[in-house]
Every structure is written in C-alpha cells, then in structure tokens.
Amino acid sequence: MNVPDQFDLSGRIAVVTGGTRGIGLAIAEGLASTGATVVPTSRTESDVEAAIQTVESHGVDSLAVPTDVTDDDDVRALFEQTADAFGGIDVVVNNAGVNPASALGRPENVDPEGYDFVLDVNLRGAFRCAQEAAAYLGESDGGSLINIASVGGLVGLPRQHPYVASKHGLVGVTKSIALDWAPDVRANVVAPGYVATELTAEVRENDTLRQSIVDRTPLDRFADLAELAGPVVFLASDAASYVTGTCLAVDGGWTAR
Ligand code: NDP
C-alpha cells in the first residue's frame, strides 16, 4: 500500500465549472498540482484564458471552452470538446454558483426572477452538467462527480432562501446520482463554510456581519481558498475509492453546533 500514490491524478481529465476565480480556481490548481489535466470554465472568456495559464503553470494541459452552465448548448460543447481534446473525462467539479442581491432578503421580499436565476445556475446548472458528463464519466476507470454546495445545503441561513433551496437541493440530488451511478461512478458533495471570495465580498465589508460569522465558526475564521482544494482532490482521487453519496462539510465546524 502506498497512500500518497492514491492522491496522484496524473492522466486524469478534470472539468471545473466556475473554475476561473475564487474556490473554483483553487480547486483547478489543486487538481493540476496533483497531475490532472484541468479545464477550468466560466462565462467570461478573458477569465478562462487567465485560468488556463494558471493551470498550465503546474505543467499540465488545459483547454478554453467558455461556458454558461444555464445554457444547454454551451454545456454539451464543454464536455464534447474536452473529451475530443483529451480522450475522455474522469472528474467533473460543479462549482459555478451565484447568490445575487436580487435573491437576498426575507422570504416575502424575494424577487421571483432572482429566485429562478439562483436555482437555474446552482442546482439546474449542476444537474445539466452531470447529465451531459454522464456518458464520459461512465467510460472512465475512476469517474468522480463532485458538487460544491454550502453549509446552506445543510442548515438554514437567514435572508438567503433561493441559495439555501439550491444548495439543499444539490446535496439531495448528489446522493440520488450516487445511487444511480454506482458502482461505476462516484458522486459526492462538498459543503464549504465561509470563504473570502467575491461571493462573500459584501458580507466581509460589513464589520458586524463579518464578526458574527467568525464568532459563529468554531475555528474562529473564514476558510483559506487552499483549504477547499485538498478535500476536492481527495474526493477526485483513488484515496476516496470507497466514498460515494456523502457530503463533506469543510466549514470550520459551522454545522457541528
Ligand atoms: P465566486 O463568485 O468567486 O466565483 C464564482 C465562479 O462561478 C466564477 O468563476 C464565475 O465566473 C462562475 N459562474 C457564475 N455563474 C456562472 C454560470 N452561469 N455559468 C458558468 N460559470 C458561472 O464564488 P466562490 O468561489 O465564492 O464560490 C464558488 C462555489 O462555492 C459556489 O457554488 C458557491 O455557492 C460555493 N460556496 C462559496 C462559499 C464562500 O464563502 N465563498 C461558501 C459556501 C459555498 P463568471 O461570472 O465569469 O461566469
């Protein structure tokens, strides 16, 4: 037995949605640093090009396929072009996610369009990618789907109702996918706590809110980006070959309370 070898992703092909900044870019770098070819994608072409350079700086291949996960044609092209370029797909990380101001607030004030938008990106988008990736992951020797939810997929968060609905849905649907795809493909979900990214910029600018989050977190701080990469590399790798249908909270103890 050689445990470090189980984490080696050399020869694996990975797609990371929302892989151009924040948590997704950290995940893309984590996968690349352990040897995987990584296709980091998002809607913004210039960000995709920059992310590719970051991935390639780890000595692995990459590919630019700008993709909106709410667009069927885009998503189909993402997986087709990746498989054509590299001969298959082994790992898919559904990380693209949004939580815009139009979807925040007390339930009675939430804008219906904001609600639908969040559900379409965070939940339907991840499911759409899983559907399009299914055949490729099924052909892999170690196919692994990893969906990025949130502590809001496990417990309630005030004033974030569409986001919480989308993330609870993502936790549930990942477990269901794991059942349907076993024993060929593993499917797991990661639930991060608060991380310093663009998504949480407004929260962090508000001193009272930021401090209340730190006070609520047993580890007493926001997560560093790199602290999300390792758990995803684990779930992508053979080190997790007997792990499917599970939700891994990476939340500094937030959901232990
Ligand atoms: P960021 O806002 O920093 O990055 C989001 C990424 O998703 C960007 O690359 C963005 O690129 C992309 N994206 C957004 N919409 C779409 C779309 N329709 N199609 C394709 N790509 C899209 O977010 P974080 O890094 O903070 O969050 C990443 C994931 O982690 C999300 O799912 C989020 O819910 C989750 N999470 C984050 C936490 C945090 O504290 N930051 C805590 C818990 C969970 P572009 O806009 O150019 O398309």
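Along each chain, numbering runs from 1 in the same order as the chain's sequence is written. Local features in this predicted model are restricted to residues of pLDDT 70 or higher, and side-chain atom pairs are both shown and tallied only at a pLDDT of 80 or more, whereas totals for entire chains, interfaces and linings draw on every residue. Calculation of side-chain values draws on the structure's entire complement of heavy atoms; hydrogens and water are dropped beforehand.

Enquirer: What is the right way to look at the overall build of the protein chain in this model?
Expert: What counts as a helix is a DSSP run of H or I of at least four residues, what counts as a strand is a run of E of at least two, and both are numbered from the N terminus. Looking only at helices and strands, the protein chain has 9 helices and 6 strands in total. With C-alpha atoms as the basis for the radius of gyration, the globule rule is written as 2.2 Å multiplied by the number of residues raised to the power 0.38. Relative to its length of 257 residues, the protein chain is compact, with a C-alpha radius of gyration of 17 Å against a globular reference of 18 Å. A principal-axis box enclosing the C-alpha atoms of the protein chain has dimensions of 50 × 40 × 35 Å. Within the span of the protein chain, comprising 257 residues, buried residues form 47% of the whole. Under the scheme applied here, a residue whose accessible area is under 20% of the maximum for its type counts as buried, over 50% as exposed, and between as partly exposed, the area being computed with a 1.4 Å probe on protein chains only.

Enquirer: Is there a simple way to think about the side chain of Ser237 in this case?
Expert: With respect to the helices and strands, the residue Ser237 is situated in the loop between helix H9 (226-236) and strand S6 (247-250). Whether two residues are in contact is decided by their heavy atoms: any pair within 4.5 Å suffices. Ignoring anything within four residues of it in the chain, the contact list for Ser237 reads Gln6, Phe7, Leu9 and Arg186.

Enquirer: Sorry, what's going on with the packing of helix H5 (residues 112-139) against helix H6 (residues 161-181) here?
Expert: What describes two packed helices is the angle between their axes and the distance between those same axes. Angular values range over 0 to 180 degrees, each being the angle between N-to-C directions of two axes fitted as lines to C-alpha atoms, with helices fitted over their stretch in contact. In the contact formed by H5 and H6, the axes pass within 8 Å of each other and the chain directions differ by 15 degrees. Classed by the angle they form, the pair H5 and H6 counts as roughly parallel. Crossing of H5 over H6 shows right-handed handedness. Taken together, the residues of H6 that come into contact with H5 (itself represented by Tyr115, Val118, Leu119, Asn122, Leu123, Ala126, Phe127, Ala130, Ala134 and Leu137) are Pro162, Tyr163, Ala165, Ser166, Lys167, Gly169, Leu170, Val173, Ile177 and Trp181. Throughout this description, any angle smaller than 35 degrees is read as roughly parallel, any larger than 145 degrees as roughly antiparallel, any in the 65 to 115 degree range as roughly perpendicular, and the remainder as oblique. Should the near helix be turned counterclockwise from the far one by less than a right angle, the crossing is left-handed, whereas a clockwise turn marks it as right-handed.

Enquirer: Could you clarify how one ought to interpret the sheet that holds strand S3 (residues 91-94) in this entry?
Expert: Here, a strand pair is defined by DSSP locating no fewer than two bridges between the strands. Read across the sheet, 6 strands follow the order S2-S1-S3-S4-S5-S6 without closing on themselves; strand pairing throughout is parallel. Both outer strands of the open sheet, strand S2 (37-41) and S6, are each paired with one neighbouring strand and no more. Each neighbouring strand pair of the sheet contributes to a mean axis angle of 15 degrees, computed without reference to strand direction. Here strand S4 (residues 144-148) pairs with strand S5 (residues 186-192) via 5 bridges, running parallel. Among the inter-strand pairings, Ile148 is bridged to a residue of S5, identified as Val190. Each of S3, S4, S5 and S6 touches H9; the most contacted strand, S5, lies at about 165 degrees to it.

Enquirer: What is the right way to read the packing of aromatic side chains from this model?
Expert: The description of an aromatic ring pair rests on the distance of the ring centres and on the angle between the ring planes. Side-chain rings of Phe, Tyr and Trp, where Trp is taken by its six-membered ring, are said to pair if the distance between their centres is within 6.5 Å; with planes under 30 degrees apart they count as stacked, over 60 as edge-to-face, and otherwise as tilted. Under the counting rule described, the total for this entry stands at 3 aromatic pairs. Taken together, a centroid distance of 6.5 Å and an interplanar angle of 40 degrees make the contact between Phe7 and Phe234 tilted. Of this pair, Phe7 sits in the loop between helix H1 (3-6) and strand S1 (13-17) while Phe234 sits in helix H9, and the two are 227 residues apart along the sequence. Ring geometry for Tyr194 and Phe222: centres 6.0 Å apart, planes at 65 degrees, overall edge-to-face. Of this pair, Tyr194 sits in the loop between S5 and helix H7 (201-205) while Phe222 sits in the loop between helix H8 (207-216) and H9; the two residues are 28 residues apart in sequence, bridging distant segments of the chain. The pair formed by Tyr194 and Phe222 is uniform in burial state, with each residue classed as buried. In textbook terms, an aromatic cluster arises when at least three aromatic residues are bridged by ring pairs, as seen for Tyr194, Phe222 and Trp254. Placement of a positive charge over a ring is assigned whenever Lys NZ or Arg CZ falls within 6 Å of the ring centre and within 35 degrees of the normal to the ring plane. Seen from the ring of Trp254, Arg216 lies directly overhead, with NZ or CZ sitting 4.2 Å from the centre.

Enquirer: Would you take a moment to explain the nonpolar core for this structure?
Expert: One broad trend across soluble globular proteins is that nonpolar side chains are buried collectively. We define a nonpolar core as any set of buried Ala, Val, Leu, Ile, Met, Phe, Trp, Tyr and Cys residues linked to one another through side-chain atoms lying within 4.5 Å. By size, the foremost hydrophobic cluster in this structure holds 26 residues, and its most contacted members are Ile27, Leu31, Val38, Val93, Ile146 and Val190. Those elements that provide at least two residues to this core are S1, helix H2 (22-33), S3, S4 and H9. Contact partners of Val93, with chain neighbours within four places excluded, come to Val15, Val16, Thr17, Ile27, Leu31, Ile146, Ile148 and Val232. If you look at the next biggest cluster of nonpolar residues, it comprises 25 residues, including Leu78, Val98, Ala103 and Ala178.

Enquirer: Looking at this structure, how should I read the pairing of S2?
Expert: Across a regular strand the side chains alternate sides, sitting on one face of the sheet and then on the other. Among the 5 residues of S2, 5 are classified as buried, and the element is accordingly described as predominantly covered. Judged from the 5 bridges that link them, S1 and S2 form a sheet pairing that is parallel. The residue bridging Thr17 from the neighbouring strand is Thr41, located in S2.

Enquirer: Sorry if this is basic, but what is going on with the site of the ligand here?
Expert: Throughout, the term near means that a residue has one or more heavy atoms lying within 4 Å of the molecule or strand in question. Lining the immediate environment of the ligand, one finds 29 residues, of which Arg43, Thr44, Tyr163, Val195 and Thr197 sit closest. Two N or O atoms count as a polar contact when they lie within 3.5 Å, although within protein this holds only if one can serve as hydrogen donor and the other as acceptor, and sequence-adjacent residues are included solely when both atoms are side-chain atoms. Contact distances for the ligand include 3.2 Å between an oxygen atom and a side-chain N or O atom of Arg21. At 2.7 Å, a backbone N or O of Val195 approaches an oxygen atom of the ligand. Protein burial of the ligand: of its 880 Å² of free accessible surface, 97% is covered by the chains. When contributions to the shell around the ligand are tallied by element, the ones reaching two or more residues are H2 and H6. Here the shell around the ligand is composed, by residue class, of 12 nonpolar, 12 polar and 5 charged. Residue-level accessible areas treat just the shown protein chains as cover; the underlying method is Shrake-Rupley with a 1.4 Å probe. Residue polarity follows a fixed list, in which Ala, Val, Leu, Ile, Met, Phe, Trp, Tyr, Cys and Pro are nonpolar, Asp, Glu, Lys and Arg are charged, and the others, Gly among them, are polar.

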